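Structural features, examined
Listed here are the chains, written in short residue letters.
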Amino acid sequence: MKAVILSALPGARLLDITHAIPPQSIRHAEVVLRGSAFAMPIGTVHLVVVDPGVGTDRRPIAVRARGLTFVGPDNGVLGVALADPHAQTVVLDRLELFRRPVAPTFHGRDIFAPVAAELAAGLALTDVGTPIDDALPSRLPRATRRDACIEGEVLVADHFGNLLTNISGQWLDRQWSVHIDDRPLRWVQAYGQGVAGELLVLCGSDGFLEIASRDASAAHQLGRHGGMRITCTRER
Amino acid sequence: MKAVILSALPGARLLDITHAIPPQSIRHAEVVLRGSAFAMPIGTVHLVVVDPGVGTDRRPIAVRARGLTFVGPDNGVLGVALADPHAQTVVLDRLELFRRPVAPTFHGRDIFAPVAAELAAGLALTDVGTPIDDALPSRLPRATRRDACIEGEVLVADHFGNLLTNISGQWLDRQWSVHIDDRPLRWVQAYGQGVAGELLVLCGSDGFLEIASRDASAAHQLGRHGGMRITCTRER
Amino acid sequence: MKAVILSALPGARLLDITHAIPPQSIRHAEVVLRGSAFAMPIGTVHLVVVDPGVGTDRRPIAVRARGLTFVGPDNGVLGVALADPHAQTVVLDRLELFRRPVAPTFHGRDIFAPVAAELAAGLALTDVGTPIDDALPSRLPRATRRDACIEGEVLVADHFGNLLTNISGQWLDRQWSVHIDDRPLRWVQAYGQGVAGELLVLCGSDGFLEIASRDASAAHQLGRHGGMRITCTRER
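Presented here is a report on the structure given in the accompanying data block. Not measured: the values here are computed from a predicted model.

All names here are of chain A. Throughout the structure, instances matching the rule amount to three aromatic pairs over all chains. Just above the ring of Phe 208 sits the side chain of Arg 34; from NZ or CZ to the centre is 3.6 Å. A cation sits over an aromatic face here: Arg 66 above Phe 38, 3.9 Å from the ring centre.

Below, the structure is given as structure tokens:
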């Protein structure tokens, strides 16, 4: 993919956000983008290829949102961009832009990378595809909020074993009690405020609640993490 | 290595192809280069340091093939370049180009990186060494083809657990039956055309047959992969 | 972090030294810097964020040593720079340089990256903080040397399973006998001079003794490595 981009646009600046998305994990990619996509400078093109359906009839798309452009499959992985109410989306149907022949197992190289290079070089969104309004939104489960109760879940564990959730830190404060499954969590502001072995909750740097353990992996400590329930109740 | 290159050539563009070659796996590096080396723009210098014999009498070499230059040990890892009938090869014997003293355990830093920087800066191949014609070719086992039977093997598993083989996709089509050891494989064009748990065969994006499993790791499913036999027979 | 740097300084060149520091391992980061920091060109800014105490009262600092600048937490991780007798250190207290609000769990993004960008753009050390002289030195245990006996220990295992120690190769030569715990090691100059299964000692490319096993992982072979004792005695 990098070779294709540099061949088309020798001056392109390439930046790897991560090498550590688990295979086929659209969810993990969505969470990484939630915390990083809009920190990039205006004009950045995000090339996002977590694409288990490559070669099937899922569409290749590009999305422009908040001054950034996203290129990837229409499988929800670009949900963070599509969530912007002013997002514009096109289906990539300008076959002349593709690398030929297109390998059915690597659209990253043959469709997404060459189109990303053209967008980075200045093509307009409508120069690379036809507008659509039915791209698949984020697949991330949403937390629910009702009066004095918020329910959400663990989305992924990060590199440190911190558990990242779908509960916005703006919805609550430290007056709320937070549990993971049946276990209570203690509020802290920083990891180092915990004591060894204690399960902590804090507002993470991406704005969402995060479960952690000081100098350790909360994921290992809990033995699992996928889908664990987080319950927040307001104290009276 | 990057520090050495940038110190010699501040404007160098550095691109990491992979951080995931298993230790000492010349084979794995060869397969990665098979799929990526010649996609890079003309003029690229490939610095390839999978070098278990570092510090012994294996030679340091550079190879020019199809407009690209390759620098690395003479242990087969540059086989993809040497396979070009017009490839030119030199042994790196211009000691004045090396970083001194040369550490016997890190020629990547002290020999290959400084020479790669000089080549990227414009030195000719013969400015960095003396021509040879006996560099070691690829160590990858070759598939055999006889009438209605092709026999090959699994070379490596990729990051997704797909099994990459040494059988060219140009040798056969979907009329052939393909087995891995004794297990039959079903032809698909794309991973997503499989059903869960089914072992699939397809022509991979590097032009060779590949064994896969939908949304899963064929390597895990088979429990092993090194050297597994692939047999292809033409149906009548 | 990269997004913050590029937003402030679009022409910045970013170079990743490693993606493989184990979580919270100040020690591992110190060893990586020992072998790489001063190979970088003069003027380089090292951004070092191994920071288990992020958000607590550990100070953010910057250090200038031998023409390079280091930015990171005051937890010993910058010990290699502080060991320079001419090193200059400041505590980062110019709040107007920070990204706001500062997340208590990610000073890398909100304090260290923006300050590193300013330093790379040309600010003087004293433009980003106030001089201090009590920054925490390296936490690496030191080897001891007495007459015909040197005692040290294994610090970390590298990617290949080689065991990196704290014993300088300048302290001894191949006339010395070296043991790890009670096991004797054979001196070689290069990994490939060993025979399979044999434990080797050599002077590593960073100038320190290293324990290795040919085409294998010494760490796996020994079953453990943290804190293993290395004893060197001079033969008579």
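This part takes up the relation of the copies chain C and chain A. Overlaying chain C on chain A yields an RMSD of 0.0 Å, the required transformation being a rotation through 120° with an accompanying axial translation of 0.0 Å. As the rotation angle and translation indicate, the two copies are arranged about a three-fold axis. Among all C-alpha atoms of chain C, that of C:His19 lies closest to the rotation axis, at 5.2 Å. Here only 9% of the contact residues of chain C are again contact residues in chain A; the copies associate through non-equivalent surfaces.

The next thing to look at is the side chain of A:Asp51. Residues and elements named next belong to chain A. Topologically, Asp 51 is positioned in the loop between β1 (45-47) and β2 (60-65). We classify Asp 51 as buried; its relative accessible area is 11%. Separated by 2.7 Å, the side chains of Asp 51 and Arg 58 make a polar contact. If we skip the residues at most four places from it in the chain, Asp 51 touches Arg 58, Pro 73, Asn 75, His 107 and Phe 112.

Let us now look at the interface of chain B and chain A. Listed as interface residues are 20 residues of chain B and, on the opposing side, 22 residues of chain A. Where chain B abuts chain A, roughly 1,600 Å² becomes buried across the two surfaces, and 57% of that area is made up of carbon and sulfur atoms. It is B:Arg13, B:Leu15 and B:Ser205 that lose the most area in chain B upon contact with chain A, and together they represent 31% of the buried surface on that side. The interface formed by chain B and chain A holds zero salt bridges in total. The interface formed by chain B and chain A holds four residue pairs in polar contact (both at pLDDT 80 or more) in total. Considered class by class, the residues forming the side of chain B that touches chain A number ten nonpolar, seven polar and three charged.

The next subject is the sheet that holds β2(A). Residues and elements named next belong to chain A. Taken in spatial order, the five strands of this open sheet run β1-β3-β2-β4-β5, and their pairing is mixed. Looking at strand neighbours, the two that pair on one side only are β1 and β5 (130-132), the edges of this open sheet. If you compare each strand with its neighbour and ignore which way they point, the axes differ by 30° on average. Across three bridges, the pairing between strand β4 (residues 88-91) and β5 is antiparallel. By the bridge assignment, Val 91 is partnered in β5 with Thr 130.

Next up on the list: the interface of chain C and chain A. A common measure of how large an interface is: the accessible area buried when the components associate. With 22 residues of chain C at the contact, the number on the chain A side is 20 residues. The contact between chain C and chain A buries some 1,600 Å² in all, and 57% of this surface belongs to carbon and sulfur atoms. Interface area lost by chain C to chain A is led by C:Ala3, C:Gln24 and C:Thr105, which between them contribute 30%. For the pair chain C and chain A, the number of links is zero salt bridges. At the surface where chain C touches chain A, the tally comes to four residue pairs in polar contact (both at pLDDT 80 or more). The leading source of residues in the side of chain C that touches chain A is helix α1 (residues 2-8) of chain C, at four residues. Here the side of chain C that touches chain A is composed, by residue class, of twelve nonpolar, seven polar and three charged.

The next subject is unusual backbone geometry. Cis peptide bonds are those with omega within 30 degrees of zero, and the linkage from B:Arg100 to B:Pro101 qualifies with -5°. Along the chain, B:Pro101 turns up in the loop between β4 (88-92) and α4 (107-121). For A:Arg66, which is not glycine, the phi dihedral falls at a positive 55°. Note on placement: A:Arg66 falls in the loop between β2 and β3 (68-73). The exposure class of A:Arg66 is exposed, given its relative accessible area of 52%. Non-glycine residue C:Asp147 carries a positive phi angle of around 50°. Since its relative accessible area comes to 67%, C:Asp147 is described here as exposed.

So, on to the pairing of strand β8 (residues 163-168) of chain A. Residue and element names in this part refer to chain A. Burial runs high along β8: six of the six residues are buried. With three bridges connecting them, strand β7 (residues 149-157) and β8 associate as antiparallel partners. By the bridge assignment, Val 156 is partnered in β8 with Leu 164. Following β7, the chain reverses through five residues before pairing antiparallel with β8; Gly 161 in that reversal takes a positive phi of roughly 85°. Where β8 lies against strand β12 (residues 208-213), three bridges are found, and the strand directions are antiparallel. Bridge pairing in β12 links Leu 163 to Ile 211.

Our next topic: the layout of surface pockets. All names here are of chain B. Estimates place the volume of the second largest pocket at around 990 Å³. Along the walls of the second largest pocket sit 33 residues, with Arg 34, Val 80, Ala 83, Leu 140 and Phe 208 positioned nearest its centre. Take the lining of the second largest pocket: its biggest share by element is five residues, from helix α2 (residues 26-36).

Glancing now at the environment of A:Ala117. Residues and elements named next belong to chain A. If you trace the backbone, Ala 117 turns up in helix α4 (residues 107-120). Judged by its relative accessible area of 3%, Ala 117 falls in the buried class. Through-space distance from the C-alpha of Ala 117 to that of Arg 229 is 41 Å; in sequence the pair is 112 residues apart. Once residues within four sequence positions are removed from consideration, Ala 117 is found in contact with Ile 5, Ala 8 and Leu 9.

Parameters and conventions
Residues numbered from 1 in each chain as written. Chains lettered and ligands numbered in written order. Predicted model: local features only at pLDDT ≥ 70, side-chain atom pairs only at ≥ 80, totals over all residues. Heavy atoms only, no water. Phe/Tyr/Trp six-rings, centres within 6.5 Å; stacked < 30°, edge-to-face > 60°. Lys NZ or Arg CZ within 6 Å of the ring centre and 35° of its normal. Least-squares fit on C-alpha atoms with pLDDT ≥ 70 in both. Contact = heavy atoms within 4.5 Å. Helix = DSSP H or I, 4+ residues; strand = E, 2+ residues; numbered from the N terminus. Buried < 20%, exposed > 50% of the residue type's maximum accessible area, 1.4 Å probe, protein only. Polar contact = N/O pair within 3.5 Å; in protein donor to acceptor, adjacent residues only side chain to side chain. Buried area = accessible area lost by both parts, 1.4 Å probe. Salt bridge = Lys/Arg side-chain N within 4 Å of Asp/Glu carboxyl O. Nonpolar A, V, L, I, M, F, W, Y, C, P; charged D, E, K, R; others polar. Pairing = 2+ DSSP bridges. Axes fitted to C-alpha atoms, helices over the stretch in contact; angles between N-to-C directions. 1 Å grid on protein atoms, 1.4 Å probe; cavity = no way out; pocket = protein on both sides within 12 Å on 5 of 7 lines; lining within 4 Å. Points joined across faces, edges and corners; volume = space filled by probe spheres on them.

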